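# Chains, contacts and geometry: an overview
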Amino acid sequence: MTVREGSLEAPTRHPLDWLNPQFYDEAAALAEMERVFDICHGCRRCVSLCNSFPTLFDLVDESSTGEVDGVDKADYWKVVDQCYLCDVCYLTKCPYVPPHPWNLDFPHLMLRGKAIQFKQGTPTRFRDVQLASTDRNGKLAGIPVVVKAVNALSRNDTVRGLLDEHLGVHKDAWLPSFSADTFRKNLTPSKPHVIRDGQRTPGKVAIFSTCYVNYNEPGIGHDLVKVLDHNEIPFVIAEKEACCGMP
Ligand code: SF4
Ligand code: SF4
C-alpha cells in the first residue's frame, strides 16, 4: 500500500498518556525515538527549525553506519535536550502527524523524554527547575526595588562567571532584562468595538501574553494592543494564563 504525504488535513493531537506507567519506561521511549528519528533522518525537513534536528542529523551522519541504527541510544538525550517544545515542527512542518499512519508527534516524544529525565533526576535537575520557573523568576526579579539590581547583576562579569560555573548559563549568553511594569498589570483594556467576524476567523482576540512578554518585553504586548485597537478588534487577556516553564 502506498502511503501518501499528509498535512492536507488538520492534525489530530492525541493526548499525552502521562498517567500510564509505560509513559516513563525508558526502553519504550528510546524505541519510539529510534522509530521517529529514522523517519526524520529520511525527511530532514525541519533542519532549520531549532537545534534538535541538526543535533540528530549530525549524530546520524557521524555514526559508523550513516543511519539511525549507528547512533548510540545514550546520545538520543542530546536531541531531547535541544528541544524547547515550541511545537512548530508538529504544527507547521511535519506531513506525518496523525491522522497520517506514521503517527509522528516529535514534540510530544521530546516531552516524554524530558519527563523521564525529570523523574530519574538528572545532574542538571536543580538548574533546570530554577531556570524553568519563569513565572516565579519574573515575579521576584520584577519587584520594583529589586529589578534594577537584578538587571545590573545580569550584566556583571563576576556574576556571569558564577552563573556559568554553577548553573551552566554561558557567560556570553544574552539574557533579557526584567521590567517592573509588567504587561498584564499595565494593559489598557479593549475599547467596546463591535465584533465583526471575518470570513474564516472570529473578530475578537484572546491574548496569551507569555511570561517573556509579561516580565521582559511588555512593549511587544502594548504594540499588539495598539494594532488591534487600530483595526477595531476587541480583545481580552487570557485570565487563566499559566507558566509553561520555557526559560
Ligand atoms: S517542538 Fe522541539 S523539536 Fe520541534 S521545532 Fe520546537 S524546539 Fe524543535
Ligand atoms: S518532524 Fe516530520 S517534517 Fe520534521 S524532520 Fe521529522 S519527519 Fe520531517
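Residues numbered from 1 in each chain as written. Chains lettered and ligands numbered in written order. Predicted model: local features only at pLDDT ≥ 70, side-chain atom pairs only at ≥ 80, totals over all residues. Heavy atoms only, no water.

## Points about the site of ligand 1
The environment of ligand 1 is made up of Leu49, Cys50, Ser52, Phe53, Cys83, Tyr84, Leu85, Cys86, Asp87, Cys89, Phe106 and Pro107. Within the residue set of the shell around ligand 1, elements represented by two or more residues are helix H2 (52-61) and helix H5 (106-120). A per-class count over the shell around ligand 1 returns 10 nonpolar, 1 polar and 1 charged. (Near = heavy atom within 4 Å. Helix = DSSP H or I, 4+ residues; strand = E, 2+ residues; numbered from the N terminus. Nonpolar A, V, L, I, M, F, W, Y, C, P; charged D, E, K, R; others polar.)

## Details of the pattern of salt bridges
Throughout the structure, instances matching the rule amount to 12 salt bridges. In this structure, the salt-bridge partner of arginine 35 is glutamate 32, at a minimum N-O distance of 2.9 Å. You can see arginine 35 and its partner glutamate 32 sitting in helix H1 (residues 26-43), 3 residues apart, about one turn around the helix. Taking relative accessible area as the criterion, glutamate 32 reaches 24% and is therefore assigned partly exposed. Salt-bridge contacts for lysine 171 lead to aspartate 172; the nearest nitrogen and oxygen are separated by 3.5 Å. When salt bridges with common partners are traced through the structure, they connect Arg13, Asp87 and Asp105 into a single cluster. (Salt bridge = Lys/Arg side-chain N within 4 Å of Asp/Glu carboxyl O. Buried < 20%, exposed > 50% of the residue type's maximum accessible area, 1.4 Å probe, protein only.)

## Focus: H1
Taking 1.5 Å as the rise per residue, H1 with 18 residues should run 26 Å; its terminal C-alpha atoms sit 25 Å apart, in good agreement. Those residues of H1 lying buried are Ala29, Leu30, Met33, Val36, Phe37, Ile39, Cys40 and His41. The secondary structure elements touched by the buried residues of H1 are H2, helix H3 (76-82) and H5. Looking at where H1 begins, the residue whose side-chain oxygen comes 3.0 Å from the main-chain nitrogen of alanine 27 is aspartate 25. Of the residues flanking the end of H1, it is arginine 44, one or two places downstream, whose phi is positive at about 60°. (Expected span 1.5 Å × (residues − 1). Contact = heavy atoms within 4.5 Å. Polar contact = N/O pair within 3.5 Å; in protein donor to acceptor, adjacent residues only side chain to side chain.)

## Observations regarding the domain arrangement of the protein chain
Each assigned domain of the protein chain is listed here: domain 1 (21-120), domain 2 (125-133 + 140-167) and domain 3 (183-237). Here domain 1 and domain 2 have C-alpha centroids that lie 31 Å from each other. (Domains from an automatic or database assignment.)

## Regarding the site of ligand 2
In the vicinity of ligand 2, the residues found are Ile39, Cys40, Cys43, Arg44, Arg45, Cys46, Phe53, Cys94, Pro95, Tyr96 and Leu104. Of the residues forming the shell around ligand 2, the biggest block, 3 residues, is contributed by H1. Of the residues belonging to the shell around ligand 2, the class tally is 9 nonpolar, no polar and 2 charged.

## So, unusual backbone geometry
Trans peptide bonds make up the majority, and among non-glycine residues the majority have a negative phi. The step from proline 98 to proline 99 runs through a cis peptide bond, and the omega angle for that step is 15°. With respect to the helices, strands and loops of the structure, proline 99 is situated in the loop between helix H4 (88-93) and H5. Phi is positive for leucine 85, close to 60°, though the residue is something other than glycine. The topology assignment puts leucine 85 in the loop between H3 and H4. In the Ramachandran plot, asparagine 103 falls in the positive-phi region, its phi being about 50° despite a non-glycine side chain. Looking at the secondary structure, you find asparagine 103 in the loop between H4 and H5. Of the residues examined, asparagine 103 reaches a relative accessible area of 37% and is grouped as partly exposed.

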